[in-house]
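Structural overview
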Amino acid sequence: LISTPTTSPSLQVVVVSLVLFANFFAGNVIFPFVPFMVHDFFPTLQKSELGFYAGFLASAYHLGSFLGNPVWGRLSDKFGRRPVLLIGLFVATGANLLFGFSQNFVWAVSSRLLWGLLNANVSVAKTYLSEVCDDTNQARAFSMLGMSAGAARLVSVMVGGFLSNPAEKYAIFEDEFFCHFPYFLPCFVNIFIGAVTLFT
């Protein structure tokens, strides 16, 4: 027998999609400028070593996520999905602010690692969605998550590429602040998206 589809929990799907959009945006926005950031931190570094440091910096979040996700999963079982999702969004916003102001390699790695440790939004959001949906509308709801994640990956790398080091690209940003913090602007866009999602 084919079950009659029940009404999809549209509000919950939209909110979870926004959470994942913010999360994937934050995770990918740095990739276009990471090699340049590492070069700024280590101007005398050989090109053959640049990839190692850039890869280490980019993967710091995933290391933190690997260590922190099991803990946050248990906390979400105990205290609920919503508080954990809100904490994850708040941490992501703060960690990206720290990353945008990074003055050295250790600072940048630490902010990414901290974000991964204290953010389990991907796994918690998917768990939450599986709980508010049933067998008749789960596939449609999860397809929205896939679209949200794909859109975030697409937009984030464009923003990271276009808005990094803006003082050298656009006259409007020829300011001492952006000369001193050349990678803050794409992180600020990320912070704005996270803040909007946080208060949705």
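Only a predicted model underlies this, so the values are computations on that prediction, with no experimental measurement involved.

Residue Asn165 is not a glycine yet carries a positive backbone phi of 50°. Mapping Asn165 onto the fold places it in the loop between helix 7 (138–163) and helix 8 (176–180).

A word on a nonpolar patch on the surface. A cluster of nonpolar side chains, namely Leu63, Phe66, Leu67, Leu98, Trp107, Leu114, Leu117 and Leu118, defines an oily patch on the protein surface of about 710 Å² accessible area. Of all the secondary structure elements, the ones that give two or more residues to the nonpolar patch are helix 3 (47–79) and helix 5 (105–117). Along the chain, the position of Leu118 falls in the loop between helix 5 and helix 6 (121–132).

Quick look at the environment of Gln103 now. Of note, Gln103 is situated in the loop between helix 4 (81–100) and helix 5. Looking at Gln103, the relative accessible area reads 39%, which means it is partly exposed. Between the C-alpha atoms of Gln103 and Leu117, which are 14 residues apart in sequence, the distance is 21 Å. Setting aside its immediate chain neighbours within four residues, Gln103 contacts Phe41, His180 and Phe181.

Before going further, it helps to spend a moment on the nonpolar core. Within the largest apolar cluster, 41 residues are counted, with the highest numbers of intra-cluster contacts made by Met37, Val38, Leu57, Phe99 and Leu129. Elements that contribute at least two residues to this core include exactly helix 1 (10–28), helix 2 (34–41), helix 3, helix 4, helix 5, helix 6, helix 7 and helix 9 (184–198). With 7 residues, the single largest contributor to this core is helix 1. Beyond its immediate chain neighbours, meaning those up to four positions away, Phe99 contacts Ile30, Phe33, Met37, Leu57, Ala108, Ser111, Arg112 and Cys187. Ranked by size, the runner-up nonpolar core spans 6 residues in total, among them Ala26, Ala92, Ala95 and Trp115.

The next point concerns the pattern of salt bridges. Taken as a whole, this structure holds 2 salt bridges when the rule is applied. A salt bridge links Asp77 to Arg81; the shortest N-O distance between them is 2.7 Å. Close ionic contact of Glu131 with Arg81 constitutes a salt bridge, the shortest N to O distance being 2.5 Å. You can see Glu131 sitting in helix 6 and its partner Arg81 sitting in helix 4, a full 50 residues away along the chain. Take Glu131: its relative accessible area is 46%, and that puts it in the partly exposed class. With relative accessibility at 14%, the residue Arg81 sits in the buried group. Put simply, Asp77, Arg81 and Glu131 are held in one network by salt bridges that share partners.

Scoring rules and cut-offs
- Residues numbered from 1 in each chain as written.
- Predicted model: local features only at pLDDT ≥ 70, side-chain atom pairs only at ≥ 80, totals over all residues.
- Heavy atoms only, no water.
- Helix = DSSP H or I, 4+ residues; strand = E, 2+ residues; numbered from the N terminus.
- Patch = residues over 30% accessible without salt bridge, like charges linked within 9 Å, V, L, I, M, F, W, Y side chains within 5 Å.
- Areas by Shrake-Rupley, 256 points an atom, 1.4 Å probe, with all protein chains shown as cover.
- Salt bridge = Lys/Arg side-chain N within 4 Å of Asp/Glu carboxyl O.
- Buried < 20%, exposed > 50% of the residue type's maximum accessible area, 1.4 Å probe, protein only.
- Contact = heavy atoms within 4.5 Å.
- Core = buried A, V, L, I, M, F, W, Y, C linked by side-chain atoms within 4.5 Å.

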